Amino acid sequence: MITNAGTVKSLIPSVQVVTSISRQVQQSLAINGITEADRFVTIRSEATGKVLNVYKQDGDTVKAGEVIVRLDTQDLPARIRQVQAFLDQTRLEYEGAKKLRLQGLLNEAQLAASLTNLEQAKSQLASLTLQLDNFTIRASFAGRIENTHIELGSYIRQGDAIADVYDYSQLKFVGAVSEKDIQSLKLKQPATVELISGDTVGATVSYIGSVTNPATRTFQVELTVPKVGRFVSGVTSVASVELGLLQGHYISPALLFINEDGLMGLKTLDAAETVQFREISIIHSDPNGVWVEGLDNQADIIVVGQGFVTIGDVTNPVRVPFDADIAVGI
(Lines give C-alpha, C1' and ligand atoms only; values in the text may rest on other atoms or scores of the structure.)
Protein backbone atom coordinates (compact mmCIF):
# COMPACT_ATOMS: atom_id res chain seq x y z
CA MET A 1 0.00 0.00 0.00
CA ILE A 2 2.78 2.45 0.86
CA THR A 3 4.49 1.69 -2.43
CA ASN A 4 1.31 2.29 -4.43
CA ALA A 5 0.67 5.62 -2.66
CA GLY A 6 4.21 6.72 -3.35
CA THR A 7 3.83 5.79 -6.99
CA VAL A 8 0.61 7.81 -7.30
CA LYS A 9 2.23 10.74 -5.54
CA SER A 10 5.16 10.72 -7.96
CA LEU A 11 2.84 10.96 -10.98
CA ILE A 12 1.55 14.37 -9.85
CA PRO A 13 3.67 17.06 -11.56
CA SER A 14 5.75 19.34 -9.36
CA VAL A 15 5.88 23.07 -9.97
CA GLN A 16 7.48 25.96 -8.18
CA VAL A 17 5.03 28.56 -6.94
CA VAL A 18 5.40 32.06 -5.53
CA THR A 19 2.56 33.56 -3.50
CA SER A 20 2.64 37.09 -4.97
CA ILE A 21 1.09 40.00 -3.07
CA SER A 22 -0.24 42.93 -5.05
CA ARG A 23 0.98 46.46 -4.49
CA GLN A 24 -0.05 49.92 -5.60
CA VAL A 25 1.57 50.91 -8.86
CA GLN A 26 1.44 54.10 -10.86
CA GLN A 27 -0.32 53.49 -14.17
CA SER A 28 1.27 55.43 -17.02
CA LEU A 29 1.01 55.92 -20.77
CA ALA A 30 4.18 56.08 -22.89
CA ILE A 31 4.07 58.47 -25.86
CA ASN A 32 6.77 58.78 -28.52
CA GLY A 33 7.35 62.22 -30.01
CA ILE A 34 9.69 65.18 -30.27
CA THR A 35 10.38 68.27 -28.21
CA GLU A 36 10.02 71.70 -29.74
CA ALA A 37 10.55 75.28 -28.64
CA ASP A 38 7.38 76.76 -27.15
CA ARG A 39 7.13 78.89 -30.31
CA PHE A 40 9.33 80.05 -33.16
CA VAL A 41 9.04 82.46 -36.03
CA THR A 42 10.99 83.21 -39.19
CA ILE A 43 11.48 86.97 -39.20
CA ARG A 44 11.19 88.45 -42.69
CA SER A 45 12.08 91.89 -43.96
CA GLU A 46 9.21 94.29 -44.62
CA ALA A 47 11.52 96.65 -46.50
CA THR A 48 14.04 96.56 -49.36
CA GLY A 49 17.58 97.80 -48.92
CA LYS A 50 21.22 97.15 -48.14
CA VAL A 51 22.20 95.70 -44.73
CA LEU A 52 23.99 98.43 -42.76
CA ASN A 53 24.24 96.75 -39.34
CA VAL A 54 23.90 93.18 -38.05
CA TYR A 55 23.48 93.15 -34.28
CA LYS A 56 22.70 89.47 -33.64
CA GLN A 57 24.18 86.19 -34.86
CA ASP A 58 23.28 82.51 -34.49
CA GLY A 59 23.10 81.48 -30.84
CA ASP A 60 22.55 85.01 -29.51
CA THR A 61 19.60 85.72 -27.23
CA VAL A 62 17.26 88.63 -27.88
CA LYS A 63 14.62 90.50 -25.97
CA ALA A 64 11.21 91.29 -27.40
CA GLY A 65 11.58 94.27 -29.75
CA GLU A 66 15.39 94.18 -29.73
CA VAL A 67 17.04 95.21 -33.02
CA ILE A 68 18.52 92.37 -35.09
CA VAL A 69 19.33 94.12 -38.38
CA ARG A 70 19.22 97.68 -39.68
CA LEU A 71 18.88 98.48 -43.41
CA ASP A 72 19.96 101.55 -45.35
CA THR A 73 17.06 104.01 -45.35
CA GLN A 74 18.46 105.94 -48.37
CA ASP A 75 16.50 109.20 -48.89
CA LEU A 76 13.54 108.20 -46.69
CA PRO A 77 14.41 110.52 -43.75
CA ALA A 78 14.60 113.50 -46.16
CA ARG A 79 11.19 112.60 -47.63
CA ILE A 80 9.77 112.42 -44.11
CA ARG A 81 11.09 115.89 -43.32
CA GLN A 82 9.54 117.19 -46.54
CA VAL A 83 6.15 115.67 -45.72
CA GLN A 84 6.40 116.97 -42.16
CA ALA A 85 6.86 120.48 -43.53
CA PHE A 86 3.93 119.99 -45.87
CA LEU A 87 1.84 118.81 -42.92
CA ASP A 88 2.72 121.92 -40.94
CA GLN A 89 1.73 124.06 -43.93
CA THR A 90 -1.62 122.33 -44.47
CA ARG A 91 -2.42 122.56 -40.77
CA LEU A 92 -1.86 126.31 -40.83
CA GLU A 93 -3.93 126.61 -43.99
CA TYR A 94 -6.78 124.64 -42.43
CA GLU A 95 -6.74 126.72 -39.25
CA GLY A 96 -6.84 129.87 -41.40
CA ALA A 97 -9.66 128.45 -43.52
CA LYS A 98 -11.76 127.77 -40.44
CA LYS A 99 -11.44 131.41 -39.35
CA LEU A 100 -12.33 132.65 -42.82
CA ARG A 101 -15.33 130.35 -42.87
CA LEU A 102 -16.57 131.82 -39.59
CA GLN A 103 -16.25 135.27 -41.15
CA GLY A 104 -18.22 134.16 -44.21
CA LEU A 105 -15.25 134.69 -46.50
CA LEU A 106 -14.91 131.00 -47.42
CA ASN A 107 -17.55 128.50 -48.49
CA GLU A 108 -17.99 124.97 -47.12
CA ALA A 109 -16.42 123.28 -50.15
CA GLN A 110 -13.24 125.36 -49.80
CA LEU A 111 -13.00 124.45 -46.09
CA ALA A 112 -13.49 120.78 -46.94
CA ALA A 113 -10.72 120.96 -49.55
CA SER A 114 -8.36 122.45 -46.96
CA LEU A 115 -9.22 119.62 -44.52
CA THR A 116 -8.61 117.06 -47.24
CA ASN A 117 -5.12 118.44 -47.84
CA LEU A 118 -4.40 118.21 -44.11
CA GLU A 119 -5.57 114.60 -43.84
CA GLN A 120 -3.59 113.61 -46.92
CA ALA A 121 -0.44 115.08 -45.38
CA LYS A 122 -1.09 113.15 -42.13
CA SER A 123 -1.58 109.94 -44.09
CA GLN A 124 1.61 110.45 -46.09
CA LEU A 125 3.61 111.09 -42.93
CA ALA A 126 2.20 108.01 -41.18
CA SER A 127 2.98 105.85 -44.22
CA LEU A 128 6.56 107.09 -44.52
CA THR A 129 7.13 106.76 -40.76
CA LEU A 130 5.97 103.13 -40.95
CA GLN A 131 8.28 102.52 -43.89
CA LEU A 132 11.18 103.99 -41.92
CA ASP A 133 10.42 101.71 -38.98
CA ASN A 134 10.46 98.69 -41.32
CA PHE A 135 14.12 99.37 -42.12
CA THR A 136 14.86 98.45 -38.49
CA ILE A 137 14.19 94.71 -38.10
CA ARG A 138 13.35 93.62 -34.54
CA ALA A 139 12.67 90.39 -32.66
CA SER A 140 8.98 89.57 -32.35
CA PHE A 141 9.50 88.05 -28.88
CA ALA A 142 12.28 87.10 -26.51
CA GLY A 143 14.24 84.04 -27.57
CA ARG A 144 17.33 82.67 -29.25
CA ILE A 145 18.55 83.51 -32.76
CA GLU A 146 19.07 80.60 -35.16
CA ASN A 147 19.59 80.30 -38.93
CA THR A 148 20.51 83.87 -39.80
CA HIS A 149 20.20 84.45 -43.54
CA ILE A 150 21.95 87.80 -44.01
CA GLU A 151 25.42 89.29 -44.17
CA LEU A 152 26.66 92.82 -43.70
CA GLY A 153 26.40 94.68 -47.01
CA SER A 154 24.03 92.21 -48.62
CA TYR A 155 20.90 93.42 -50.38
CA ILE A 156 17.57 92.45 -48.82
CA ARG A 157 14.23 92.50 -50.58
CA GLN A 158 10.84 92.73 -48.95
CA GLY A 159 9.82 89.25 -47.77
CA ASP A 160 13.35 87.85 -47.52
CA ALA A 161 14.07 85.71 -44.45
CA ILE A 162 16.32 87.38 -41.88
CA ALA A 163 16.56 84.87 -39.01
CA ASP A 164 14.60 82.35 -36.94
CA VAL A 165 13.76 83.18 -33.34
CA TYR A 166 13.02 80.28 -30.94
CA ASP A 167 11.30 80.87 -27.62
CA TYR A 168 12.88 78.49 -25.09
CA SER A 169 11.16 79.90 -22.02
CA GLN A 170 9.53 76.47 -21.96
CA LEU A 171 9.54 73.39 -24.16
CA LYS A 172 6.65 71.70 -25.93
CA PHE A 173 6.49 67.94 -26.41
CA VAL A 174 4.44 66.82 -29.42
CA GLY A 175 3.36 63.20 -29.81
CA ALA A 176 0.55 60.96 -31.02
CA VAL A 177 -1.82 58.78 -28.99
CA SER A 178 -3.96 55.92 -30.26
CA GLU A 179 -7.76 55.92 -30.31
CA LYS A 180 -7.74 53.39 -27.47
CA ASP A 181 -5.62 55.51 -25.14
CA ILE A 182 -6.87 59.04 -25.88
CA GLN A 183 -9.81 58.69 -23.46
CA SER A 184 -7.42 58.20 -20.54
CA LEU A 185 -5.80 61.62 -21.00
CA LYS A 186 -6.92 64.85 -19.37
CA LEU A 187 -5.56 68.37 -19.43
CA LYS A 188 -3.04 69.24 -16.70
CA GLN A 189 -2.18 65.58 -16.02
CA PRO A 190 1.37 65.29 -14.64
CA ALA A 191 3.98 63.63 -16.81
CA THR A 192 7.69 63.30 -17.44
CA VAL A 193 9.61 63.65 -20.70
CA GLU A 194 12.84 61.76 -21.31
CA LEU A 195 15.06 63.36 -23.94
CA ILE A 196 17.35 61.39 -26.21
CA SER A 197 20.22 62.90 -24.20
CA GLY A 198 19.01 61.00 -21.13
CA ASP A 199 17.70 64.08 -19.33
CA THR A 200 14.31 63.62 -17.67
CA VAL A 201 12.12 66.68 -17.07
CA GLY A 202 8.68 67.24 -15.58
CA ALA A 203 5.73 68.16 -17.81
CA THR A 204 1.95 68.55 -17.92
CA VAL A 205 -0.61 67.72 -20.61
CA SER A 206 -1.50 71.03 -22.28
CA TYR A 207 -3.34 70.00 -25.47
CA ILE A 208 -5.40 66.99 -26.55
CA GLY A 209 -6.40 66.82 -30.20
CA SER A 210 -10.02 66.14 -31.11
CA VAL A 211 -9.49 65.12 -34.76
CA THR A 212 -7.77 61.86 -35.63
CA ASN A 213 -5.03 61.58 -38.22
CA PRO A 214 -6.71 59.57 -41.03
CA ALA A 215 -3.45 57.85 -41.98
CA THR A 216 -2.41 56.67 -38.50
CA ARG A 217 -5.72 56.84 -36.58
CA THR A 218 -3.98 58.72 -33.80
CA PHE A 219 -4.61 62.00 -32.02
CA GLN A 220 -2.00 64.73 -31.52
CA VAL A 221 -1.20 65.62 -27.93
CA GLU A 222 1.11 68.26 -26.50
CA LEU A 223 2.86 68.50 -23.15
CA THR A 224 4.36 71.65 -21.69
CA VAL A 225 7.78 71.42 -20.05
CA PRO A 226 8.03 74.54 -17.85
CA LYS A 227 11.71 74.26 -16.92
CA VAL A 228 14.33 73.93 -19.62
CA GLY A 229 17.89 72.95 -18.84
CA ARG A 230 19.20 73.22 -22.39
CA PHE A 231 18.12 74.72 -25.71
CA VAL A 232 16.85 71.85 -27.88
CA SER A 233 14.16 71.59 -30.54
CA GLY A 234 13.18 68.67 -32.77
CA VAL A 235 14.76 66.15 -30.40
CA THR A 236 13.35 62.60 -30.24
CA SER A 237 11.76 62.09 -26.82
CA VAL A 238 9.48 59.78 -24.85
CA ALA A 239 6.79 61.10 -22.54
CA SER A 240 5.23 59.16 -19.68
CA VAL A 241 1.83 60.42 -18.51
CA GLU A 242 0.65 59.40 -15.04
CA LEU A 243 -2.87 57.93 -15.18
CA GLY A 244 -3.49 56.99 -11.53
CA LEU A 245 -2.77 54.25 -8.99
CA LEU A 246 -3.75 50.60 -9.52
CA GLN A 247 -3.25 47.35 -7.62
CA GLY A 248 -0.81 45.19 -9.55
CA HIS A 249 1.64 42.32 -9.42
CA TYR A 250 5.26 42.68 -10.53
CA ILE A 251 6.32 39.66 -12.60
CA SER A 252 8.87 38.45 -15.12
CA PRO A 253 7.57 38.78 -18.73
CA ALA A 254 8.72 35.16 -19.27
CA LEU A 255 5.70 34.01 -17.23
CA LEU A 256 3.18 35.49 -19.66
CA PHE A 257 1.11 32.86 -21.46
CA ILE A 258 -1.24 33.05 -24.48
CA ASN A 259 -4.11 30.55 -24.34
CA GLU A 260 -5.97 28.93 -27.22
CA ASP A 261 -8.41 31.86 -27.38
CA GLY A 262 -5.55 34.31 -27.87
CA LEU A 263 -5.89 35.77 -24.37
CA MET A 264 -2.79 36.77 -22.40
CA GLY A 265 -2.54 35.57 -18.83
CA LEU A 266 -0.70 33.55 -16.21
CA LYS A 267 -0.87 30.01 -14.91
CA THR A 268 -1.78 30.03 -11.22
CA LEU A 269 -2.94 27.56 -8.58
CA ASP A 270 -6.25 27.62 -6.77
CA ALA A 271 -6.88 26.44 -3.19
CA ALA A 272 -6.99 22.80 -4.39
CA GLU A 273 -3.54 23.21 -5.99
CA THR A 274 -5.10 22.89 -9.45
CA VAL A 275 -3.71 24.81 -12.43
CA GLN A 276 -5.87 27.80 -13.49
CA PHE A 277 -5.58 30.34 -16.29
CA ARG A 278 -5.96 33.98 -15.18
CA GLU A 279 -6.32 36.62 -17.86
CA ILE A 280 -4.25 39.73 -17.14
CA SER A 281 -3.44 43.09 -18.72
CA ILE A 282 -0.16 44.95 -18.55
CA ILE A 283 -0.14 48.22 -16.58
CA HIS A 284 3.36 49.16 -17.65
CA SER A 285 6.82 47.65 -17.97
CA ASP A 286 10.39 48.49 -17.09
CA PRO A 287 13.74 46.82 -17.87
CA ASN A 288 13.36 44.40 -14.94
CA GLY A 289 9.75 43.23 -15.29
CA VAL A 290 6.13 44.04 -16.00
CA TRP A 291 3.29 45.22 -13.76
CA VAL A 292 0.02 43.41 -14.44
CA GLU A 293 -3.57 43.58 -13.21
CA GLY A 294 -6.33 40.97 -13.25
CA LEU A 295 -5.19 38.78 -10.35
CA ASP A 296 -6.46 38.68 -6.78
CA ASN A 297 -4.58 40.65 -4.16
CA GLN A 298 -2.80 37.41 -3.29
CA ALA A 299 -2.11 34.92 -6.08
CA ASP A 300 -0.14 31.64 -6.32
CA ILE A 301 1.81 32.12 -9.56
CA ILE A 302 3.60 29.17 -11.15
CA VAL A 303 7.17 30.26 -11.84
CA VAL A 304 8.85 26.95 -12.80
CA GLY A 305 7.22 24.03 -14.61
CA GLN A 306 4.31 25.90 -16.16
CA GLY A 307 5.22 24.46 -19.54
CA PHE A 308 4.62 20.90 -18.30
CA VAL A 309 1.15 21.40 -16.85
CA THR A 310 -2.18 22.22 -18.44
CA ILE A 311 -5.26 23.95 -17.13
CA GLY A 312 -7.07 21.71 -14.63
CA ASP A 313 -4.01 19.62 -13.66
CA VAL A 314 -3.53 18.84 -9.98
CA THR A 315 0.04 19.70 -8.92
CA ASN A 316 2.53 19.07 -6.19
CA PRO A 317 3.71 22.68 -5.54
CA VAL A 318 7.05 23.69 -4.12
CA ARG A 319 6.71 27.06 -2.42
CA VAL A 320 9.34 29.71 -3.18
CA PRO A 321 9.57 32.78 -0.90
CA PHE A 322 8.08 36.02 -2.21
CA ASP A 323 10.56 38.91 -2.57
CA ALA A 324 8.85 42.29 -2.99
CA ASP A 325 12.07 43.86 -4.31
CA ILE A 326 12.26 41.78 -7.50
CA ALA A 327 9.83 40.63 -10.16
CA VAL A 328 8.13 37.31 -9.52
CA GLY A 329 9.82 34.61 -11.59
CA ILE A 330 13.20 36.30 -11.85
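Residues numbered from 1 in each chain as written. Predicted model: local features only at pLDDT ≥ 70, side-chain atom pairs only at ≥ 80, totals over all residues. Heavy atoms only, no water.

**Notes on the sheet that holds strand 8 (residues 155-156)**
- Taken together, four strands build an open sheet; the order of strands is 6-5-3-8 and the sheet is antiparallel. Each having just a single partner strand, strand 6 (136-138) and strand 8 make up the two edges of the open sheet.
- Of the strand pairs in this sheet, strand 3 (residues 49-54) and strand 5 (residues 67-71) are connected by three bridges, and their pairing is antiparallel. Paired with V54 across the strands is V69, a residue of strand 5. (Pairing = 2+ DSSP bridges. Helix = DSSP H or I, 4+ residues; strand = E, 2+ residues; numbered from the N terminus.)

**Re helix 3 (residues 108-134)**
- Taking 1.5 Å per residue as the helical rise, helix 3 with its 27 residues ought to reach 39 Å, and the 39 Å between its terminal C-alpha atoms agrees with that figure.
- When helix 3 is considered as a whole, its buried residues turn out to be L111, S114, L118, A121, L125, L128 and N134.
- Next to the buried residues of helix 3 lie helix 2 (76-102) and strand 6.
- Of the residues that open helix 3, the one with a side-chain oxygen 3.2 Å from the backbone nitrogen of A109 is N107. (Expected span 1.5 Å × (residues − 1). Buried < 20%, exposed > 50% of the residue type's maximum accessible area, 1.4 Å probe, protein only. Contact = heavy atoms within 4.5 Å. Polar contact = N/O pair within 3.5 Å; in protein donor to acceptor, adjacent residues only side chain to side chain.)

**What about unusual backbone geometry?**
- In this model, N147 sits at a positive phi of 55 degrees, which is unusual for a non-glycine residue.
- Mapped onto the fold, N147 is located in the loop between strand 7 (143-146) and strand 8.
- Here N147 falls in the partly exposed class, since its relative accessible area comes to 36%.
- A positive phi is found at K188, a non-glycine position, where the angle reads about 75 degrees.
- Counting through the fold element by element, K188 comes out in the loop between strand 9 (161-178) and strand 10 (190-195).
- Look at K188 and you get exposed, because its relative accessible area is 72%.

**Concerning helix 2**
- With 27 residues, helix 2 should cover 39 Å at 1.5 Å per step; its first-to-last C-alpha distance of 39 Å lies within 8% of that length.
- Of the positions making up helix 2, those classed as buried are L76, I80, V83, L87, T90, Y94 and A97.
- Just past helix 2, the residue G104 takes up positive phi, approximately 75 degrees.

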